[in-house]
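# Descriptive structure summary
Letter by letter, the chains look like this.
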Amino acid sequence: MQRKKVLLVDDSPTVLMMEQMLLGRQNYEVITAKDGEEGVAKAHSEHPDLILMDVVMPRMDGFEAVRRIRADDSISQVPVIMVTTRGETVNMEKGYTAGCSDYVTKPIDARELLAKLKSYLGDA
Amino acid sequence: MAALKPPAAPPGHEAMAARHQELTSVSSRLAEMVAMLRQSREAVASRHADGAASLTPPPMAASGLQVVPPSAAPEPPRAGAGPAQAGAGEALLQDRLETIEQVNRTIRDELLSLQGQMAQAAALYVTLRRLHEAGTRVEVLDGLQESIINMLGSEDFVILIAGPRGGLAAARTMQRSSEQANLVASDPRVQAAIARGALTTGAAASTLMPGLNALIPLVARGRSIGAMAVFQLLQQKEALGAFDEEIMGLLALHGALAWMGAPEKAADGA
């Protein structure tokens, strides 16, 4: 069975490394991008099954990256889970308005993250 | 900043991952068995209601699992049995269903616990690796900053580094002005706690300075090179727990070691 592909977009090497370790062990194929611009480009070229997107990043933030993904018919259906430090409602609303499917907060709770991935992708 | 390489597994992680896969597989097979038993039970109930007690034993063997030993319970009634036997068959299936669901719950709990342990091992490993692969002191500070945000869960902190003459100065701050950071650096109680070299958290930390959640001295080889003062935690982070203390212990020692091992030249830029 083909492995599900997950695109991780975050400017923090610590977060990317952590997410790679968690997801790689769950038999997902993992690709990474360091900011929103690279994230949109990789979403287009790699066609991931799901994207984990940080909010605050250089060059292009997560909200704008999600807007661009939703505006591109070839990748507009891919689920995007935002990863944010701020759990306030206003921040979540901004994410949902931009088109994100769901969100998790930092510090990342591995069980919450894996449960959400499973609900969007099924078993790894 | 050093290029990000795919992380290798920390020691013990492979075994945990293998156990995790095994439990996931068993859990999913048990879920299938529960579904099959439910179907059988519904079929029994339906036949019982119709007065035709034609029963099929649950397909336990198909799953390859032996949750209930065959000798532990009588077989369900065969085709042609009366309503009383059909009732007994239904009770037997119900009993098996409950047993399997209990086993599945236990396995799911173990699976969740294992996922938590794997995540903690990964967090400790990533923290260490980020610090020790730093090529400059600026990168050591980057690693400490990212660990405070992403591992401890705070965006309100000051990282203090001792100067060549011993005085403390703020090398990194987040959500604190330079005046506020200087107040932390010059506070005599904070300085005394850093000199003691012991981690201070919770109520003890807030007695040093209002709002302070943790003071983490950076100490290695008997030498203190500074400290991290962590103030407000992120909204969704309720408090610092036992695992956070492990992370702070690692940051205290390995942050200091990484700083000492990084080139002096970059310290000017920090």
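Here goes a summary of the coordinates provided. Residue numbers run consecutively from 1 along every chain, following the written order of its sequence. Ligands are numbered from 1 and chains lettered from A, in the order in which they are written. Confidence filtering applies because this is a predicted model: local features only for residues at pLDDT of at least 70, side-chain atom pairs given and counted only at 80 or more, and all residues used for totals across whole chains, interfaces and linings. Note that the side-chain values use all heavy atoms of the structure and ignore hydrogens as well as water.

## Quick word on the overall build of chain B
Here is the rule: The way it works is that DSSP assigns letters per residue, a run of H or I at least four long becomes a helix, a run of E at least two long becomes a strand, and they are numbered from the N terminus. Summary of the burial criterion: residues with accessible area below 20% of their type's maximum are buried, those above 50% are exposed, and those between are partly exposed, where the area comes from a 1.4 Å probe applied to protein chains only. Between two residues, a contact is recorded if the distance between any of their heavy atoms is within 4.5 Å.
Each helix and strand counted, chain B has nine helices and five strands in total. From first element to last, N terminus to C terminus, chain B shows the α and β order α-α-α-α-β-β-α-α-β-α-β-β-α-α. Counting over 270 residues, chain B shows a buried share of 45%. A separation threshold of at least 6 residues defines the contact pool for chain B, and within that pool the share at least 24 residues apart is 62%.

## Considering helix α4 (residues 137-152) of chain B
Residue and element names in this part refer to chain B. Under the convention used in this document: Each residue after the first adds 1.5 Å to the expected span of a helix.
With 16 residues, α4 should reach 22 Å at 1.5 Å per residue; the first-to-last C-alpha distance of 21 Å fits that figure. Among the 16 residues that make up α4, 14 are buried, leaving the element largely enclosed by the rest of the structure. Downstream of α4 by one or two residues, Gly153 has phi in the positive range, about 85 degrees.

## Here we look at the sheet that holds strand β3 (residues 50-54) of chain A
Residues and elements named next belong to chain A. Quick note on the threshold: Strands are labelled as partners when DSSP assigns at least two bridges between them. Only the stretch in contact is used when fitting a helix axis, every axis being a line fitted to C-alpha atoms; angles between N-to-C directions are given from 0 to 180 degrees.
Read from one edge to the other, the open sheet built from five strands follows the order β2-β1-β3-β4-β5, with strand pairing classed as parallel. One side of each edge strand has no neighbouring strand; the edge strands of this open sheet are β2 (29-33) and β5 (102-105). For this sheet the average axis-to-axis angle between neighbouring strands, irrespective of direction, equals 20 degrees. With four bridges connecting them, β3 and strand β4 (residues 80-84) associate as parallel partners. Following the sheet pairing, Ile51 is matched in β4 by Val80. Of the strands in this sheet, β1 (5-9), β3, β4 and β5 touch helix α5 (residues 110-121), which is tilted by about 165 degrees from β5.

## Comments concerning the environment of Ala220(B)
Residues and elements named next belong to chain B. Looking at where Ala220 falls in the secondary structure, it is placed in strand β4 (residues 214-220). Residues Ala220 and Gln235, spaced 15 residues apart in sequence, show a C-alpha to C-alpha distance of 32 Å. Apart from residues no more than four positions distant in its own chain, Ala220 is found in contact with Leu253, Ala256, Leu257 and Met260.

## Here we look at the sheet that holds strand β2 (residues 168-174) of chain B
Residue and element names in this part refer to chain B. One open sheet accounts for five strands, arranged β2-β1-β5-β4-β3; its pairing is antiparallel. Two strands in the sheet have a free side with no partner beyond their single neighbour: β2 and β3 (200-201). Inspection of the sheet shows β4 paired to strand β5 (residues 223-230) by seven bridges, in the antiparallel sense. Among the inter-strand pairings, Leu215 is bridged to a residue of β5, identified as Ala229.

## Regarding the side chain of Ser76(A)
Residue and element names in this part refer to chain A. Let me state the cut-off plainly: Here a polar contact means two N or O atoms within 3.5 Å. Within protein one must be a hydrogen donor candidate and the other an acceptor candidate, and residues neighboring in sequence count only if both atoms are side-chain atoms.
Topologically, Ser76 is positioned in the loop between α3 (62-71) and β4. One polar contact links Ser76 to Gln77, side chain to side chain, over a distance of 3.4 Å. Other than its neighbours up to four places away in sequence, Ser76 contacts Ile69 and Arg70.

## Thoughts on the packing of helix α3 (residues 83-132) of chain B against α4(B)
All names here are of chain B. Worth spelling out the cut-off: Angular relationships are summarised with four words: roughly parallel below 35 degrees, roughly antiparallel beyond 145, roughly perpendicular across 65 to 115, and oblique for the angles in between. Note on residue categories: nonpolar means Ala, Val, Leu, Ile, Met, Phe, Trp, Tyr, Cys or Pro, charged means Asp, Glu, Lys or Arg, and polar means any other residue, Gly included.
The N-to-C vectors of α3 and α4 enclose an angle of 160 degrees; their axes lie 8 Å apart at closest approach. With respect to α4, the element α3 is oriented roughly antiparallel. Where α3 abuts α4, its residues Ala123, Val126, Thr127, Arg130 and Leu131 lie against Val140, Asp142, Gly143, Leu144, Glu146, Ser147 and Met151. Here the contact of α3 with α4 is built from residues that sort into six nonpolar, three polar and three charged.

## A few points about the packing of aromatic side chains
Note the cut-off: Each aromatic pair joins two rings of Phe, Tyr and Trp (for Trp, the six-membered one) with centres within 6.5 Å, and gets the label stacked for planes under 30 degrees apart, edge-to-face for over 60, and tilted for any other angle. Charge-over-ring placement is defined geometrically: NZ (Lys) or CZ (Arg) within 6 Å of the ring centre, and within 35 degrees of the ring normal.
One pass over the structure, following the stated rule, counts one aromatic pair over all chains. Centre to centre, the rings of Tyr96(A) and Tyr103(A) are 6.2 Å apart; their planes meet at 70 degrees, and the pair counts as edge-to-face. A relative accessible area of 39% means that Tyr96(A) is categorised as partly exposed. For Tyr103(A), a relative accessible area of 25% corresponds to the partly exposed category. Sitting above the plane of the Tyr103(A) ring, Lys116(A) keeps its charged end 5.3 Å from the centroid. One cation-aromatic arrangement involves Arg176(B) over Phe231(B); the distance from NZ or CZ to the ring centre is 3.7 Å.

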